[in-house]
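Below, each chain spelled out in residue letters.
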Amino acid sequence: LYSMNKKLFKLEIIGFIFVSIVGTLSHFLYDWLGKNVVAGVFCPVNESPWEHLKLLFFPFAIYTVYMYIKLKNIKFNVFFASYISIVCSMTATLCYFYMLNGMIGGNNEWVNISSFFVGVLITFILNYFLINNSIGNGLPNGIGAAMMIVTMIAFWLFTFEPPIIELFKDPTDLTYGIKK
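Only a predicted model underlies this, so the values are computations on that prediction, with no experimental measurement involved.

Here is what the cut-offs are and how they apply
- Residues numbered from 1 in each chain as written.
- Predicted model: local features only at pLDDT ≥ 70, side-chain atom pairs only at ≥ 80, totals over all residues.
- Heavy atoms only, no water.
- Axes fitted to C-alpha atoms, helices over the stretch in contact; angles between N-to-C directions.
- Helix = DSSP H or I, 4+ residues; strand = E, 2+ residues; numbered from the N terminus.
- Parallel < 35°, antiparallel > 145°, perpendicular 65-115°, else oblique.
- Left-handed = near helix turned anticlockwise from the far one by under 90°.
- Contact = heavy atoms within 4.5 Å.
- Nonpolar A, V, L, I, M, F, W, Y, C, P; charged D, E, K, R; others polar.
- Polar contact = N/O pair within 3.5 Å; in protein donor to acceptor, adjacent residues only side chain to side chain.
- Disulfide = S-S within 2.5 Å.
- Expected span 1.5 Å × (residues − 1).

**Student:** Before we go on, may I ask you to explain the packing of helix α4 (residues 54-71) against helix α7 (residues 139-160) in this structure?
**Tutor:** Two quantities define a packed helix pair, namely the angle between the axes and the distance from one axis to the other. Packing of α4 against α7 brings their axes to within 11 Å, and their N-to-C directions diverge by 150°. In terms of their interaxial angle, α4 and α7 are classed as roughly antiparallel. For the crossing formed where α4 meets α7, the hand is left-handed. Along its contact with α4, which presents Lys54, Phe57, Phe58, Ala61, Thr64 and Tyr68, the element α7 presents Asn141, Met148, Thr151, Met152, Phe155, Trp156 and Thr159. When its residues are assigned to classes, the contact of α4 with α7 shows eight nonpolar, four polar and one charged.

**Student:** Would you explain the side chain of Asn101 in this entry?
**Tutor:** In this fold, Asn101 is placed in helix α5 (residues 78-104). Polar side-chain contacts of Asn101 include one of 3.4 Å to the side chain of Asn112. Not counting residues within four places of it along the chain, the set of residues in contact with Asn101 comprises Gly106, Asn107, Asn108, Val111 and Asn112.

**Student:** Even after reading the chapter, I still don't get the environment of Ile135, so can you show me in this structure?
**Tutor:** Inspection of the secondary structure puts Ile135 in the loop between α6 (109-132) and α7. For the pair Ile135 and Lys75, spaced 60 residues apart in the sequence, the C-alpha separation amounts to 7.9 Å. If we ignore the near neighbours within four places in the chain, the residues touching Ile135 are Phe76 and Asn77.

**Student:** Looking at this structure, how should I read the state of the cysteines?
**Tutor:** Following the criterion strictly, the structure yields zero disulfides and no others. In this structure Cys88 is not part of a disulfide, and its nearest cysteine sulfur, from Cys95, lies 11 Å away.

**Student:** How should I be thinking about α5 in this particular structure?
**Tutor:** Residues lying three or four places apart along an α-helix face the same way, a consequence of the helix completing one turn every 3.6 residues. A rise of 1.5 Å per residue sets the reference length of α5, with its 27 residues, at 39 Å; its end C-alpha atoms lie 38 Å apart and thus fit the reference within 8%. Gly105 sits one or two positions beyond α5 and adopts a positive phi of about 90°.

Below, the structure written as structure tokens:
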């Protein structure tokens, strides 16, 4: 039977708040810092759906390290569970974004904003269940950590050299990546 792990649940609630606040602030950070390139590798550099996934991924990656430190003697496979959670939630965020904007027939700001918070919620609900039910340690956790790093590298690479497809296109000025 399922039993609630109160420490993990508390960490997930704190994480939801942390990622929601940091992700929201990071939406503006690149512009606030005068289009600083260092900020651009962690924060959106344009209004493309891909760049907006940074709002979810990077704060969650930071929080995952914190969770790993807090849980390493209690729960296993934090990195593996977090990687599965973030990939699923980024996919759900994009599906939510494209489906609702498609039904509305255009790019709606409330859909854009709510897609972020729906993604954060999915991340932490899924993360809770995966961590709470994890067993063992070692290889899966190492694979999860490695895949988080690979995903970070993909974000950094595609900031400077994005594929020329709709996912990476800024709908406001039809550009791609950090180059204007």
